[in-house]
Amino acid sequence: MSADAQQFGLFDTVDAGTADLQSAMPPAGRFSNFVVYVDESGDHGMQTLDPNYPLFVLAFCVFYKRHYAEKVAPALQKFKFNHFGHDLVVLHETEIRKETGAFRFVNRDSKQRFMNELTDIIDESNFILISCVIDKQQLRSRGGVPENPYHLALGFCLETLHELMQEKNQDGTKTHVVVECRGKKEDRELELEFRRICDGANRLGIPLPFDIVFASKLVNSSGLQLADLVARPIGLSVLRPGQPNRAFDVLRRKFFCAGGRGKVGEDYENWGLKIYPPPESEKPR
């Protein structure tokens, strides 16, 4: 437990404009003003290939802590109270899509209202998106022993996260990266790779000020649930670019991009969104 002064007052609130200004200020204390929630879509193994979804997607949702605590988490709780009568339901994209568990809708209209409200919450939530899509089929076609898609994606996302934290004046303090537990072996391998990258084995060749936090699958984290909801639409936007994808239309404006806040929704390819192996037409960053 740190003896530092409180990073945020417990019962004071600020308006969105003030929060935007504060998010770019150097933080008070040893923790950054941001927190990152991570989830994935697709299988990271290279032994099998799903012809319908031959991708692995890693998504980083980067939240300003104050906005997350005062706006995002309460909005998701209210949404759950409205639809389930309590806030203990954990939103899983797969269960919602397949209508299993708590997500057995009365009719199509009921599901559409549910999805519209959930999309609105994602739209209204201010977070910065960093993601990497690994084309496993292309990776296998290169021959040799293919690299671990999760580790490849993790390296890109952490390097890009550091650039974002530099932009936000947060790179002098520690930022926590929250991931969901997957199994003892997988978690151990992920932690080793995470720390290897943060110790300097990255494109930048410098230590990265990040720490990994593992969350049980039973944890009812708003941030992890939102990360789970965004990962698959990103993958589908790459797999079927011509197909209508309302969820991705919302997410497009959240990617970390070259032009900053004034250019949201533009110039995010190969910046906040990385596709690997890169398409032949893609220019190196």
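Just so we're clear, the structure is a prediction, and the values are computed from it rather than from any experiment. (Residues numbered from 1 in each chain as written. Predicted model: local features only at pLDDT ≥ 70, side-chain atom pairs only at ≥ 80, totals over all residues. Heavy atoms only, no water.)

1. Examining the overall build of the protein
Here's step 1: Across its full length, the protein carries nine helices and six strands.
Here's step 2: A buried classification covers 46% of the 285 residues belonging to the protein.
Here's step 3: Working note: accessible area of the protein is about 14800 Å², and carbon and sulfur atoms make up 52% of it. (Helix = DSSP H or I, 4+ residues; strand = E, 2+ residues; numbered from the N terminus. Buried < 20%, exposed > 50% of the residue type's maximum accessible area, 1.4 Å probe, protein only. Areas by Shrake-Rupley, 256 points an atom, 1.4 Å probe, with all protein chains shown as cover.)

2. Details of the pairing of strand β3 (residues 127-135)
Both faces of the sheet carry side chains from a regular strand, because those side chains alternate between them.
Here's step 1: The element β3 is extensively covered by neighbouring structure, given that eight of its nine residues are classed as buried.
Here's step 2: Relative to β3, strand β2 (residues 55-64) is paired through nine bridges, and the arrangement is antiparallel. Each residue of the ladder has a partner; that of Leu 58, found in β3, is Cys 132.
Here's step 3: Where β3 lies against strand β6 (residues 273-276), four bridges are found, and the strand directions are parallel. Within the sheet, the bridge partner assigned to Ser 131 lies in β6 and is Leu 273. (Pairing = 2+ DSSP bridges.)

3. Focus: the environment of Ser 110
Here's step 1: Positionally, Ser 110 belongs in helix α4 (residues 108-124).
Here's step 2: Overall, the relative accessible area of 19% leaves Ser 110 in the buried class.
Here's step 3: Expressed as a C-alpha distance, the spacing of Ser 110 and His 83, which sit 27 residues apart in the sequence, is 9.9 Å.

4. A word on the nonpolar core
Here's step 1: Phe 63, Leu 91, Leu 129 and Ile 234 are the most contacted members of the largest nonpolar core, which totals 41 residues.
Here's step 2: Mapped onto this core, the elements with two or more residues apiece are β1 (31-41), β2, α2 (65-84), α4, β3, α8 (222-239) and α9 (246-251).
Here's step 3: The element that contributes the greatest number of residues to this core is α8, accounting for eight residues.
Here's step 4: Residues within four places of Ile 234 in sequence aside, it is in contact with Val 57, Ala 59, Leu 129, Ser 131, Val 133, Phe 248, Leu 251, Phe 255 and Leu 273.
Here's step 5: Counting 34 residues, the second largest nonpolar core, distinct from the first, contains Phe 34, Leu 58, Ile 128 and Leu 208. (Core = buried A, V, L, I, M, F, W, Y, C linked by side-chain atoms within 4.5 Å. Contact = heavy atoms within 4.5 Å.)

5. Things to note about the packing of aromatic side chains
In this description, an aromatic ring pair is defined by two values, namely the gap between the centres and the angle between the planes.
Here's step 1: Applying the stated criterion across every chain yields a total of 14 aromatic pairs.
Here's step 2: Residues Phe 103 and Phe 114 carry aromatic rings whose centres are separated by 6.1 Å and whose planes lie at 65° to one another, so their mutual orientation is edge-to-face. With Phe 103 in the loop between α3 (93-98) and α4 and Phe 114 in helix α4, this pair connects stretches of sequence that are 11 residues apart. The same class applies to Phe 103 and to Phe 114, which are both buried.
Here's step 3: Judged by centre distance (5.9 Å) and plane angle (50°), the rings of Phe 248 and Phe 255 are tilted.
Here's step 4: Put simply, the rings of Phe 79, Phe 84, Phe 103, Phe 105 and Phe 114 pair up and form one aromatic cluster.
Here's step 5: A cation sits over an aromatic face here: Arg 232 above Tyr 53, 4.8 Å from the ring centre.
Here's step 6: Just above the ring of Phe 127 sits the side chain of Lys 254; from NZ or CZ to the centre is 4.9 Å. (Phe/Tyr/Trp six-rings, centres within 6.5 Å; stacked < 30°, edge-to-face > 60°. Lys NZ or Arg CZ within 6 Å of the ring centre and 35° of its normal.)

6. Comments concerning the pattern of salt bridges
Here's step 1: By the definition in use, this model includes 15 salt bridges.
Here's step 2: Here Arg 203 makes a salt bridge to Glu 159, at a shortest N to O gap of 3.3 Å. Separated by 44 residues along the polypeptide, Arg 203 in the loop between α7 (184-198) and β5 (210-215) and Glu 159 in helix α6 (residues 149-167) bring together distant segments of the chain.
Here's step 3: On the accessibility criterion, Arg 203 (51% relative accessible area) is exposed.
Here's step 4: Here Glu 159 falls in the buried class, since its relative accessible area comes to 10%. (Salt bridge = Lys/Arg side-chain N within 4 Å of Asp/Glu carboxyl O.)

7. Thoughts on the pairing of β2
Here's step 1: Across the 10 residues of β2, 10 count as buried, placing the element largely inside the fold.
Here's step 2: Neither face of β2 is exposed, since Leu 55, Val 57, Ala 59, Cys 61 and Phe 63 on one face and Phe 56, Leu 58, Phe 60, Val 62 and Tyr 64 on the opposite face are all buried.

8. Concerning the packing of α2 against α8
Here's step 1: Direction vectors running N to C along α2 and α8 enclose 75°, while the axes themselves pass 10 Å from each other. Taken together, the axes of α2 and α8 are roughly perpendicular relative to one another. Counting all contacts with α2, which are made through Tyr 68, Val 72, Ala 73, Leu 76 and Lys 80, the residues of α8 involved are Ser 222, Gly 223, Gln 225 and Leu 226.
Here's step 2: Here the contact of α2 with α8 is composed, by residue class, of five nonpolar, three polar and one charged. (Axes fitted to C-alpha atoms, helices over the stretch in contact; angles between N-to-C directions. Parallel < 35°, antiparallel > 145°, perpendicular 65-115°, else oblique. Nonpolar A, V, L, I, M, F, W, Y, C, P; charged D, E, K, R; others polar.)

9. Let's talk about the packing of α2 against α4
Helix-helix packing: each pair is described by the crossing angle between the helix axes and the interaxial distance.
Here's step 1: It is the contact of α2 with α4, at a shortest axis distance of 11 Å, that shows an interaxial angle of 175°. Judged on the interaxial angle alone, α4 and α2 are roughly antiparallel. Residues His 67, Ala 75, Leu 76, Phe 79, His 83 and Phe 84 of α2 lie in contact with α4, whose contacting residues are Phe 114, Glu 117, Leu 118, Ile 121 and Glu 124.
Here's step 2: Taken together, the residues of the contact of α2 with α4 break down into seven nonpolar, two polar and two charged.

Such coordinate-based values are descriptive only and should not be taken to indicate function.
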